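Results of the structural survey
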Amino acid sequence: DLSKEEKSKYDEIIEDMEKSMKLALPYFQQAEILNPNYPETLVALTEIYARQNRFDLVIEFKTRLKVIQDGGRNESYFKQ
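Residues numbered from 1 in each chain as written. Predicted model: local features only at pLDDT ≥ 70, side-chain atom pairs only at ≥ 80, totals over all residues. Heavy atoms only, no water.

1. Looking at helix α1 (residues 4-34)
Side chains of residues three or four places apart in an α-helix project in the same direction, reflecting 3.6 residues per turn. We apply this condition: Note on conventions: DSSP H or I runs of at least 4 residues are helices, E runs of at least 2 residues are strands, and numbering of each starts at the N terminus. One fewer than the residue count of a helix, multiplied by 1.5 Å, yields its expected span. Values of bend correspond, residue by residue, to the angle between axes fitted over the seven residues ending at that residue and the seven starting there. Accessibility here uses a 1.4 Å probe with only protein chains present; expressed as a share of the type maximum, an area under 20% marks a residue as buried, one over 50% as exposed, and anything in between as partly exposed. By definition, residues are in contact when any of their heavy atoms lie within 4.5 Å.
Compared with an ideal rise of 1.5 Å per residue, which puts 31 residues at 45 Å, α1 spans 45 Å between its outermost C-alpha atoms and is within 8% of the ideal. Remark: the principal bend of α1, roughly 35 degrees, maps to Ala24, with a proline, Pro26, within the next four residues. Met21, Leu25 and Glu32 are the residues of α1 that are buried. If you follow the buried residues of α1, they end up packed against α2 (39-51) and α3 (55-69).

2. Topic: the nonpolar core
Put simply, the rule reads: Among buried residues, the Ala, Val, Leu, Ile, Met, Phe, Trp, Tyr and Cys ones that are joined through side-chain atoms within 4.5 Å form a nonpolar core.
Core analysis: the biggest nonpolar cluster contains 12 residues, these being Met21, Leu25, Leu42, Leu45, Ile48, Tyr49, Leu57, Val58, Phe61, Leu65, Ile68 and Phe78. Where this core is concerned, the elements lending two or more residues are α1, α2 and α3. At 5 residues, α3 tops the list of elements feeding residues into this core.

3. Structural notes on the side chain of Asn74
Test applied: For the purposes of these results, a polar contact is taken to be a pair of N or O atoms within 3.5 Å, where, inside protein, one atom must be able to donate a hydrogen and its partner to accept one; residues adjacent in sequence count only when each atom of the pair is a side-chain atom.
When you line up the elements, Asn74 lands in the segment after α3. Among the polar contacts made by the side chain of Asn74, one reaches the main-chain carbonyl oxygen of Arg64 at a distance of 2.9 Å. Setting aside residues up to four positions removed in sequence, Asn74 forms contacts with Pro36, Asn37, Leu42, Arg64, Val67 and Ile68.

Here it is, written out as structure tokens:
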């Protein structure tokens, strides 16, 4: 159980984390365009989309990660 003060601090930390992820997202998207087979980028995108409850994209990037883990290659999801 959290005290009211602890709960407020927790909510503030979560809000800051969500803002940071929102700010970081375009940079990770750009990194994926530059190298769609870099596992750390795919993991970061998976985590950000999971926090945003965008589970269709979570599945997409988990699948892409599995492709490279199995020795395959991906084309960029974001490249137009």
